[in-house]
Amino acid sequence: MSEDMYEKTKISVLVCLFFVLSRLLRTKMVSSKTRNKLIHQVICFCFLAILLHPTTSSDLFRVGLKKRRLELDDIRASRVIRKLKHSQSPTNYPSFATLGGDSSNQDQVILKNYLDAQYYGVIGIGTPSQEFEVIFDTGSSNLWVPSSKCYLSLACYLHPKYKSTKSKTYIKNGKTCTITYGSGSISGFFSEDNVNIGDLVVKNQEFIEATREGSLTFLLAKFDGLLGLGFQEISVGNAVPVWYNMVDQGLVREKVFSFWLNRDTEAEVGGEIVFGGVDPAHFKGKHTYVPVTRKGYWQFNMGDIFVGNNSTGFCEQGCDAIMDSGTSLLAGPTTVIAQINHAIGAEGIVSAECKDVVSQYGEMIWDLLLSKVLPRQVCKELGLCVFGQETGIKTVVDKERSSVLCEVCEMAVVWVQTKLKVNETKEKVFEYVNQLCESLPSPAGESIIDCNNIENMPNVTFTIGGNPFSLTPQQYILKTGVGNAEMCISGFSAFDLPPPTGPLWIIGDVFMGAYHTVFDSGNLQIGIAEAT
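As annotated in an unreviewed UniProt entry, the chain carries the name Saposin B type domain and is attributed to Arabidopsis thaliana x Arabidopsis arenosa. Regarding the chain, the UniProt comment filed under Sequence similarities (unreviewed entry) reads as follows: "Belongs to the peptidase A1 family."

Shown next as structure tokens:
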């Protein structure tokens, strides 16, 4: 139920009570027996009105979420995968022109760190229902589970498999599809069947029966499949997402679903998804709403990011971000993640290239910025970001190094520019930049925090819809292990998605655990409020 509808329900109850009182006042002269009969009739009428009112809590359909403890090995393994693409036949699938500018990038979608996902819910497919634990993922749009026809993938033998022959409501489709990951792929075919989600039954839902799970991710995963809650624009095979069918089949009154993720590690209830509205018990105050800026993901525009009271300077002019329940951490461009991890004391991998650039080009970067050269032009002026002009044979290693030097230079420019704005001395600026070099996160590793320093770490604040949303150290630090084996891990992960889709921030469960999140597909907006 939405906040407005919740208020309307309370008003309805008050109207009923007023009606009761008015009837009593009008019946002073009648007998006690008659008065009692009238009171009984009016009270029954009130209860009936409340039950039949279209804004009651019966309009909300809930799916309880399970939560498991995040393990360090999950984070290490999940960061091996850095890019996800949809492999598609042009004759079967539409182009995703809304996701990018030119045709070479239009099918590019984001990384999915499913190995470190913590929240799962149970759904059923078929009649009688066959149960699967799935991630409810706002960063994708398809439903898929392992198929009984998956014979050659070890991952399929570690999870329940859908058996079409056991379902009375199965409808054959057979259209093939492939989802390709950086370290493997999932192949299968489409089928149709009824899908049970909480108390709802979605009829004739198109989903993928996975017949090959070639990725290490799905071999090690604790979940069976995925249920995508993104828009149809990024749906493989243009399959109609489950949420769309919920709405079209009249199963929910409002085109709204909401997430409450319980970050209490000791609690039995991991969280809850509410379909058809929001539960007022899940949040405090009112939601801040921001418009969806591009359909596909739940994408929106985000403002500046602060570490303590200091601006990182990275999103002053706005940044694209997506609200993604399928990612545990909070991921963003390496440039600013390095600043955040340095400020909170995270230890990363020392980058020799970073220190090389600062040593060789630091003075020139400083001078060019002081002479008002645009920051985006500085590295081109230095010859570190000039591509496509080489002649003859250039080795792959040389090209890769040129790309790395360009990226490091552009990060250094942002860092120097940030300090110039607050009139820091050159000596302090380069001391700071070298420290950031040492804090660069490793894509294949983890950023470790001293657990004893959590109380002294700064808040990290994101500006969304003009309002500040702060994460405390207790909210953005993830703990794994127990006793002497306990480790504290930064909830901020580096993720560099190239243009035109990127750069892009992925706002995952680290943020969604602190803030109740509303996904309003009717009004194309996202709501954020403090979670209870």
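With reference to specific residues and values, describe the overall build of the chain.
From N to C terminus, the chain includes twelve helices and 26 strands. Taking all 532 residues of the chain together, the buried fraction comes to 52%. Of the contacts made within the chain by residues no fewer than 6 positions apart, 71% connect residues no fewer than 24 positions apart. Counting every atom, the chain has about 24200 Å² of accessible surface; 54% of that belongs to carbon and sulfur.

A description of unusual backbone geometry should follow, citing residues and the corresponding values.
Here the residue pair Thr127 and Pro128 is connected by a cis peptide bond, since its omega of 0° sits within 30 degrees of zero. Even without being glycine, Lys372 reaches a positive phi, approximately 70°. Note on placement: Lys372 falls in the loop between α7 (352-370) and α8 (375-381). On the basis of relative accessible area, Lys372 is assigned to the exposed category, the value being 71%. Even without glycine at this site, Asn423 takes up a positive phi of about 60°. Relative to the helices and strands, Asn423 resides in the loop between α9 (396-420) and α10 (426-438).

Could you give me a rundown of the sheet that holds strand β18 (residues 448-449), with the residues and numbers involved?
Strand order across the open sheet formed by three strands is β18-β22-β21, with antiparallel pairing between neighbours. Only two strands of the sheet have a single partner each, and these edge strands are β18 and β21 (477-480).

Outline the environment of Gly250, listing residues and values.
Summarising the element assignment, Gly250 is placed in the loop between α5 (242-248) and β11 (256-261). When the C-alpha atoms of Gly250 and Val202 are compared, they prove to be 9.9 Å apart, with 48 residues separating the residues in sequence.

An account of the nonpolar core is needed here, citing residue identities and associated values.
Counting residues in each nonpolar core, the largest one holds 72 residues, and the members touching the most others are Phe136, Ile197, Phe275, Trp505 and Phe511. Contacts of Phe275, omitting those with residues within four sequence positions, involve Asp59, Leu60, Phe61, Val63, Phe136, Ile197, Leu229, Trp243, Met246, Val252, Val256 and Phe257. Core analysis: the next-biggest nonpolar cluster, separate from the first, contains 30 residues, Cys406, Val413, Val429 and Leu440 among them.

Residue-level account of the packing of helix α6 (residues 334-343) against α10, with values.
Viewed as axis vectors pointing N to C, α6 and α10 meet at an angle of 95°, and their least axial separation amounts to 9 Å. Compared by their axis directions, α6 and α10 come out roughly perpendicular. Contacts between α6 and α10 involve Ala338, Gln339 and His342 from the former and Tyr432, Gln435 and Leu436 from the latter. Per-class residue counts for the contact of α6 with α10 are three nonpolar, three polar and no charged.

Describe the confidence of the model for the chain, with residues and values.
Per-residue confidence for the chain gives a mean pLDDT of 78, with 71% of residues at or over 70. The low-confidence segment residues 49-57, where pLDDT is below 50, has 16 contacts with residues more than four positions distant or belonging to other chains. This stretch, residues 76-113, has a pLDDT under 50; its non-local contacts, to residues over four places away or in other chains, come to 106 contacts.

About the criteria used
Residues numbered from 1 in each chain as written. Predicted model: local features only at pLDDT ≥ 70, side-chain atom pairs only at ≥ 80, totals over all residues. Heavy atoms only, no water. UniProt positions renumbered as here; feature names shortened; annotations may be inferred. Helix = DSSP H or I, 4+ residues; strand = E, 2+ residues; numbered from the N terminus. Buried < 20%, exposed > 50% of the residue type's maximum accessible area, 1.4 Å probe, protein only. Contact = heavy atoms within 4.5 Å. Areas by Shrake-Rupley, 256 points an atom, 1.4 Å probe, with all protein chains shown as cover. Pairing = 2+ DSSP bridges. Core = buried A, V, L, I, M, F, W, Y, C linked by side-chain atoms within 4.5 Å. Axes fitted to C-alpha atoms, helices over the stretch in contact; angles between N-to-C directions. Parallel < 35°, antiparallel > 145°, perpendicular 65-115°, else oblique. Nonpolar A, V, L, I, M, F, W, Y, C, P; charged D, E, K, R; others polar. pLDDT = per-residue confidence, 0-100.

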